[in-house]
Amino acid sequence: MKYRQWKKNYKKKHGVNPPLELDKRKQRRLARKMARQINKTLPTAAETLTAAINSWVKSIKPVLATFCESVAAAFSNAAAGLREESEAVENDEYITGYNSTGIAGDIFKTGQTGREGQRE
C-alpha cells in the first residue's frame, strides 16, 4: 500500500491524521530537519563548551594548587613528627607515661630481653 493510501485509510478509520509515532515518513523528515539544525549549531556549541571548560579550569587551578600545598605541608609535618619519634626511640628518650623509661624500659619491665649493647 502506498503512503498516501495508508494515510487516507488511517484518517478515515480514526478521524485524524496519523501521529508521529506511526508515520514513518514524518519521522524521517523530522530526523533530516534536526540533523540540518545540529550541523548548523554544532560548531558554536562546541566553541561555547570549550570556553566554559577553559574558564572553569582557570578558576579551579588556584584552589587545586592551594589544596596540594596544604596536603604537602600536612605530610611534611607528619614525616617530621615520625622522624622525631623514631629518633627518640633510638635514643631511648621516648616517654610513654609517668616514670617510664621508654619502649626499652617497658620491655625490661615485662621480663623480656631488650637490645644488646645499649648505651648507659
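Thresholds applied
Residues numbered from 1 in each chain as written. Predicted model: local features only at pLDDT ≥ 70, side-chain atom pairs only at ≥ 80, totals over all residues. Heavy atoms only, no water. Helix = DSSP H or I, 4+ residues; strand = E, 2+ residues; numbered from the N terminus. Buried < 20%, exposed > 50% of the residue type's maximum accessible area, 1.4 Å probe, protein only. Contact = heavy atoms within 4.5 Å. Areas by Shrake-Rupley, 256 points an atom, 1.4 Å probe, with all protein chains shown as cover. Expected span 1.5 Å × (residues − 1). Bend = angle between axes of the 7 residues up to and from the residue. Polar contact = N/O pair within 3.5 Å; in protein donor to acceptor, adjacent residues only side chain to side chain. Phe/Tyr/Trp six-rings, centres within 6.5 Å; stacked < 30°, edge-to-face > 60°. Patch = residues over 30% accessible without salt bridge, like charges linked within 9 Å, V, L, I, M, F, W, Y side chains within 5 Å. Salt bridge = Lys/Arg side-chain N within 4 Å of Asp/Glu carboxyl O. Lys, Arg positive; Asp, Glu negative; His and termini not counted. Charge placed at Lys NZ, Arg CZ, Asp CG, Glu CD.

Asks: How would you summarise the overall build of the protein chain if you had to cite specific residues and measurements?
Replies: The number of helices and strands found in the protein chain is 3 helices and 0 strands. Walking the protein chain from its N terminus toward its C terminus, one meets helices and strands in the order α-α-α. Counting every position in the protein chain, which comprises 120 residues, the buried fraction comes to 7%. Within the protein chain, contacts between residues at least 6 apart in sequence are counted, and of these 10% link residues at least 24 apart. Accessible surface computed for the protein chain: about 10,600 Å², of which carbon and sulfur atoms make up 59%.

Asks: Got a sec to walk through helix H2 (residues 24-90)? Specific residues and values, please.
Replies: One turn of an α-helix holds 3.6 residues; hence residues three or four places apart share an orientation. Between the first and last C-alpha of H2 there are merely 84 Å, a value that for 67 residues lags more than 12% behind the 99 Å anticipated at 1.5 Å per step. Along H2, the sharpest kink reaches roughly 40°, centred on threonine 41 and followed within four residues by the proline proline 43. Its side-chain oxygen at 3.3 Å from the backbone nitrogen of arginine 25, aspartate 23 defines the N-terminal cap of H2. Aspartate 92 lies just past H2 and shows a positive phi near 55°.

Asks: Got a sec to walk through the packing of aromatic side chains? Specific residues and values, please.
Replies: Tallying each qualifying case throughout the model produces 2 aromatic pairs. Summarising the aromatic geometry, the rings of tyrosine 3 and tryptophan 6 are spaced 6.0 Å apart at their centres and angled 35° between planes, so their arrangement reads as tilted. Here tyrosine 3 pairs with tryptophan 6, and both are found in helix H1 (residues 3-14), just 3 residues apart, close to one helical turn. Geometrically, the ring pair formed by tryptophan 6 and tyrosine 10 is tilted, given 6.1 Å between the ring centres and 35° between the ring planes. Of this pair, tryptophan 6 and tyrosine 10 both sit in helix H1, 4 residues apart, which is roughly one turn of that helix. We classify tryptophan 6 as partly exposed; its relative accessible area is 28%. The buried category is assigned to tyrosine 10, whose relative accessible area is 16%. Through successive ring pairs, a cluster of aromatic residues spans Tyr3, Trp6 and Tyr10.

Asks: Account for a positive patch on the surface, naming residues and giving values.
Replies: A cluster of basic side chains, namely Lys24, Arg25, Arg28, Arg29, Arg32, Lys33, Arg36 and Lys40, defines a positive patch on the protein surface. Tracing the chain through its elements places lysine 24 in helix H2.

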